[in-house]
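Next come the chains, spelled out residue by residue.
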Amino acid sequence: MTERCRHRRFGKRLIAVAAAMILLLTACGSGGDAPAAPSQGAGTAAQQGAAGETGDAGQQASGQETGQQEAQDPADKAQEAIQAGTDTDAGTGADSGSQAQLFPASGPEILTAGKYYYEWDDEMELLLIKGTVESPILSASSAQAYPALEMTLRELRAKTEAEADEFTSEMLETARIESREIPEYFSEYTYDGDVLVRRSDERVLSFATVYAGSMGGAHGFTEYETATLDVNTGKRLHWSEVFTVDGAELMGLIRAKVLEVYPQFEYDAEWMDTQLNRLFLEEPESDEVKWTLDPQGVTFWFAPYDLGAYAAGSPVITFRYDELAGKIGDAYLPVPGRGYFCGVAADYYTEMFDLDGDGLWDEFFFDRTFEPDWPDDYTGLTLNVRYGADGPVDPDSVYDGTAYRECAVEDLYYTGLEVYYVQTADDQRYLYVWIDGINDSSWLYVFRAKGGDPALLGSEDVTFSYEVVNEDTWDGGAFTPTDPNHLPLHSRFDMLSTFSAGRHYSVGRDGLLTSADVFYELSPDTSKNLVLTSVQDLTTDIVDEAGQITEKDHTFPAGETFSIIRTDGDKFIDCLTSDGSIARLYVTYRGWPQEVNGLPAEEVFEMLYYAG
């Protein structure tokens, strides 16, 4: 069964990335059963050029090692990798044509912080309400570089969470009443707010928050909030400061675009004019006009009932910048010579971008395949693209089976997804889709959007890095991609323990991730809490900060502590010892039991921490 999903799943990425920081509180020791399926090393994604070729990317790549490689001493193999300046099994971006360079963030680095709502009724034994409301914040380094923007975002976050608290409290009160009056018909209330960073660069930060919820009625509800901020002054920009035309002309442009893009809906002209007049002429100073600056244009967001009946849906319309030539200030156009990530809700409604670079809008959306008995669990994903679309067509009503080109991915098992339109500095265009799998896993699927029919280019076991910006309150958020040259991402490993470690990536010339980093680094908090204690003498190599071996065959006595700080993701982990040296432990983990330096790992260490 296939559907166009009307509700997104929010907040999972924060849990998935931060999981390593709580593993020590919940994981079982190594004395029990081994994990059923130890994850393969990240950075070993299969290179899949044709649409629909999927599978366990890590396992495919891990099977490529030759007998000659296995016969080679692991220490020699690791040292060759360090000297070469790259991972021996980097996997991603292998065909990009050049080694990626590590770029700093261009513009502010954005994190997404979530506040969670969950209320269980013990007496009724049912869930009353659940949801997540997200807000954008700055990383610690960007907060210092952009202090005015930091202040504005914190004020917006406080306002967002206060309003969400009030609304969910009202929902909870109603849910308690209805769950007791009609328990047989009651299903939990939901309320989610998903942040889509549409554009972030050296000029502006522009984002939309898509709110979706349900209170047990005939249908759910959808609302939008938007904000466009000057990144240097922190000022929230009003549409009248960005556009050079007055409200009457802009209102006319919007009215014509809505009727052009949504011809299948019969809008009441008088009602639409009344609403647009109120927004642009009668109350022009208000913030009720919802709009964002995007990589390719300007989007106006209208919720159900804003311009027409509920059946008319949510008219979201975008003007290309060339359509607005002379009508928008040059200072608010995209920065020349840079690339962009743009968060989209293509699993919720039809998105419009020029995917093939011919100057015409192209329309795309995603279908999910699900099992009827498990409506929250999905088993397939299909990208639908209509190139050269004069205006979007509602696929539920007029889809004719020939207008859309499809790319299907089967044999998946996931609960939610996030979609990004990617445009690189050299004008390549892709769709990046992160899916939330089981066991807090997250996989990236990369689709080609330019240069022919849509196709799946490859997949990778990576998720968004999580940063704690306030150690006193553990306040933080998940990294939100905005620049194709700056992507801090994490992967999960099961090497002597389960942990998450990350490195910096960029979008390669083949569309796949590529990295110049040799190591996957653990966060300091994870590292200091992930300490292994040996129960016997252990002979291994000592390395320096750069990873070069400085002493071979050093013997550490029983009782030595090893704090995991980094890994190559394949053959070794580096650990900080009690005397401040860095010990390199060579791990054989593509099977069970794991070995360290040729010895059974469970016989070497007092306790190993694995997540099931």
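For the structure, see preceding data.
Let me sum up the structure you'll find in this document. As the structure is a prediction and not an experimental result, all values here were calculated from the model.

### A word on the overall build of the chain
Step number 1: Within the chain one finds 13 helices and 33 strands.
Step number 2: Here the chain holds 612 residues, and 56% of them are scored as buried.
Step number 3: Expressed as a percentage of contacts within the chain between residues at least 6 apart in sequence, the contacts between residues at least 24 apart total 63%.
Step number 4: Accessible surface computed for the chain: about 25,200 Å², of which carbon and sulfur atoms make up 50%.

### Describing the sheet that holds strand S7 (residues 291-293)
The strands making up a sheet are joined through hydrogen bonds of the backbone, oriented either antiparallel or parallel.
Step number 1: Strand order across the open sheet formed by 3 strands is S7-S8-S9, with antiparallel pairing between neighbours. Looking at the sheet topology across the chains shown, the edges are occupied by S7 and strand S9 (316-320). Across the sheet, the mean angle from the axis of one strand to that of its neighbour is 20°, orientation sign disregarded.
Step number 2: In terms of strand pairing, strand S8 (residues 297-301) meets S9 through 5 bridges, oriented antiparallel. Bridging across to S9, Trp301 finds its partner in Val316.

### Overview of the nonpolar core
Step number 1: Judged by nonpolar contacts, the single largest core of 48 residues is most densely connected at Tyr432, Leu496 and Phe605.
Step number 2: Per-element accounting of this core gives the leading share, 4 residues, to strand S23 (residues 498-507).
Step number 3: In this view, Tyr432 contacts Phe341, Glu418, Val419, Tyr420, Val422, Leu444, Tyr445, Val446, Val507, Gly511, Leu512 and Leu513; residues no more than four positions away in its chain are not counted.

### Considerations on the pairing of strand S3 (residues 126-138)
Step number 1: Burial analysis of S3 places 12 of its 13 residues in the buried class, the great majority of the element.
Step number 2: Where strand S2 (residues 110-121) and S3 come together, 12 bridges link them in antiparallel fashion. Within the sheet, the bridge partner assigned to Tyr118 lies in S3 and is Lys130.
Step number 3: A loop of 4 residues connects S2 with S3, the two strands running antiparallel in sequence, and Glu125 in this loop sits at a positive phi of about 55°.
Step number 4: Relative to strand S4 (residues 189-200), S3 is paired through 3 bridges, and the arrangement is parallel. The partner of Lys130 across the bridge, within S4, is Thr190.

### A few points about the sheet that holds strand S21 (residues 475-479)
Step number 1: Reading across the sheet, the 7 strands line up as S6-S5-S4-S3-S2-S21-S20 and stay open at both edges, with mixed pairing between neighbours. If you trace the sheet from one side to the other, it starts and ends with strand S6 (221-230) and strand S20 (466-470), each paired once. This sheet shows a mean twist of 25° between the axes of neighbouring strands, independent of strand direction.
Step number 2: Sheet topology places strand S5 (residues 204-214) next to S6; 10 bridges connect them, and they run antiparallel. Bridge pairing links Tyr211 to Glu223 in S6.
Step number 3: Along the sheet, helix H7 (residues 147-181) contacts S2, S3, S4, S5, S6, S20 and S21; its crossing angle with S3, the most-contacted strand, is approximately 175°.

### A short note on the packing of aromatic side chains
Aromatic ring pairs are reported here in terms of the distance separating the ring centres and the angle at which the planes meet.
Step number 1: Using the criterion set out here, one finds 26 aromatic pairs in the structure.
Step number 2: Their ring planes at 70° and their centres at 6.4 Å tell us that Phe243 and Trp291 sit as a pair that is edge-to-face. With Phe243 in the loop between helix H8 (239-242) and helix H9 (247-261) and Trp291 in strand S7, this pair connects stretches of sequence that are 48 residues apart. You'll find Phe243 and Trp291 in the same group, each marked buried.
Step number 3: Members of the aromatic cluster, each reached through a chain of ring pairs, are Phe341, Tyr420, Tyr432, Trp434 and Phe464.
Step number 4: Directly above the aromatic system of Tyr340 lies the positively charged group of Arg338, at a separation of 4.7 Å from the ring centroid.
Step number 5: The ring of Tyr378 has Arg368 sitting right over it, with the charged end atom 4.4 Å from the ring centre.

### Some thoughts on the packing of H9 against helix H10 (residues 269-282)
Step number 1: Where H9 meets H10, the closest approach of the two axes is 10 Å, and the angle between their N-to-C directions is 145°. Judged by the sense of rotation from one axis to the other, the crossing of H9 with H10 is right-handed. Only Ala269, Met272, Asp273, Leu276, Asn277, Phe280 and Leu281 of H10 make contact with H9, whose side of the interface consists of Gly247, Ala248, Leu250, Met251, Ile254, Arg255, Val258 and Leu259.
Step number 2: Residue composition of the contact of H9 with H10, by class: 11 nonpolar, 2 polar and 2 charged.

### Description of the pattern of salt bridges
Step number 1: Following the criterion strictly, the structure yields 34 salt bridges and no others.
Step number 2: With a shortest N-O distance of 2.9 Å, Lys257 and Glu323 are connected by a salt bridge. Of this pair, Lys257 sits in helix H9 while Glu323 sits in the loop between S9 and strand S10 (340-344), and the two are 66 residues apart along the sequence.
Step number 3: Put simply, Asp525 and Lys528 hold a salt bridge, and the shortest N to O gap is 3.5 Å. One end of the pair is Asp525 and the other is Lys528, both in helix H12 (residues 524-529) and 3 residues apart, which spans about a single turn.
Step number 4: The exposure class of Asp525 is buried, given its relative accessible area of 16%.
Step number 5: Each of Glu119, Asp121, Glu123, Arg176 and Arg180 takes part in one network of salt bridges that share partners.

### A closer look at the side chain of Thr424
Step number 1: For Thr424, the position within the fold is in the loop between strand S15 (416-423) and strand S16 (429-436).
Step number 2: At 2.9 Å, the side chain of Thr424 forms a polar contact with the backbone nitrogen of Gln428.
Step number 3: Those residues within four positions of Thr424 in sequence are excluded, and the remaining contacts are Gly339, Tyr430, Pro484 and Val507.

### Considering the environment of Gly326
Step number 1: Take Gly326: it is sitting in the loop between S9 and S10.
Step number 2: Residue Gly326 is classed as exposed on the basis of its relative accessible area, which comes to 66%.
Step number 3: It is 8.9 Å that separates the C-alpha atoms of Gly326 and Phe243, two residues lying 83 residues apart in sequence.

### As for the pairing of strand S30 (residues 572-577)
Step number 1: Counting buried positions along S30 gives 5 out of 6 residues, so the element sits mostly inside the fold.
Step number 2: Alignment of strand S29 (residues 561-567) against S30, held across 5 bridges, turns out to be antiparallel. Considered in S30, the bridge of Phe562 is made with Thr577.
Step number 3: Between S29 and S30, which pair antiparallel one after the other, the connecting turn spans 4 residues, and Gly569 there sits at a positive phi close to 80°.
Step number 4: Sheet topology places S30 next to strand S31 (residues 582-588); 5 bridges connect them, and they run antiparallel. In the sheet register, Cys575 faces S31, and the bridge partner there is Ala583.
Step number 5: Between S30 and S31, which pair antiparallel one after the other, the connecting turn spans 4 residues, and Gly580 there sits at a positive phi close to 90°.

### Details of the environment of Met124
Step number 1: Among the structural elements, Met124 can be located in the loop between S2 and S3.
Step number 2: Taking the relative accessible area as the measure of exposure, Met124 reaches 24% and is therefore partly exposed.
Step number 3: Along the sequence, Met124 and Pro183 sit 59 residues apart, while their C-alpha atoms lie 8.3 Å from each other.
Step number 4: Here Met124 is in contact with Ser179, Arg180 and Pro183, once residues within four sequence places are set aside.

Conventions used here
- Just so you know, the residues in each chain are numbered from 1, in the order the chain's sequence is written.
- Selection of residues for local features in this predicted model requires a pLDDT of at least 70, selection of side-chain atom pairs for listing and counting requires 80 or more, and totals for whole chains, interfaces and linings are taken over all residues.
- Side-chain metrics rest on all non-hydrogen atoms present in the structure, leaving aside hydrogens and water.
- Only DSSP runs of H or I covering at least 4 residues are called helices, and only runs of E covering at least 2 are called strands; the numbering of each starts at the N terminus.
- For the exposure calls, accessible area comes from a 1.4 Å probe over protein chains only, and a residue counts as buried if that area is under 20% of its type's maximum, exposed if over 50%, partly exposed in between.
- Here, two residues are considered to be in contact whenever any of their heavy atoms come within 4.5 Å of each other.
- The Shrake-Rupley method, run with a 1.4 Å probe sphere, supplies the accessible areas, and residue values consider only the shown protein chains as cover.
- Between any two strands, at least two bridges found by DSSP are needed for them to pair.
- The axes are straight lines fitted to the C-alpha atoms, using for helices just the contacting stretch, and the angles between their N-to-C directions are given from 0 to 180°.
- We call a set of buried Ala, Val, Leu, Ile, Met, Phe, Trp, Tyr and Cys residues a nonpolar core when their side-chain atoms join them within 4.5 Å.
- Stacked, tilted and edge-to-face are the three classes assigned to paired rings of Phe, Tyr and Trp, where Trp is represented by its six-membered ring and a pair needs centres within 6.5 Å; plane angles under 30 degrees give stacked, over 60 edge-to-face, the rest tilted.
- Geometrically, a charge over a ring is one whose NZ (Lys) or CZ (Arg) sits within 6 Å of the ring centre while staying within 35 degrees of the ring normal.
- Left-handed describes a crossing in which the near helix is turned anticlockwise from the far one by less than a right angle; the clockwise case is right-handed.
- Note on residue categories: nonpolar means Ala, Val, Leu, Ile, Met, Phe, Trp, Tyr, Cys or Pro, charged means Asp, Glu, Lys or Arg, and polar means any other residue, Gly included.
- Each reported salt bridge corresponds to a side-chain nitrogen of Lys or Arg within 4 Å of a carboxyl oxygen of Asp or Glu.
- Polar contact is the term for a pair of N or O atoms within 3.5 Å; when the atoms are in protein, one must be able to donate a hydrogen and the other to accept it, and sequence-neighboring residues count only if both atoms are side-chain atoms.

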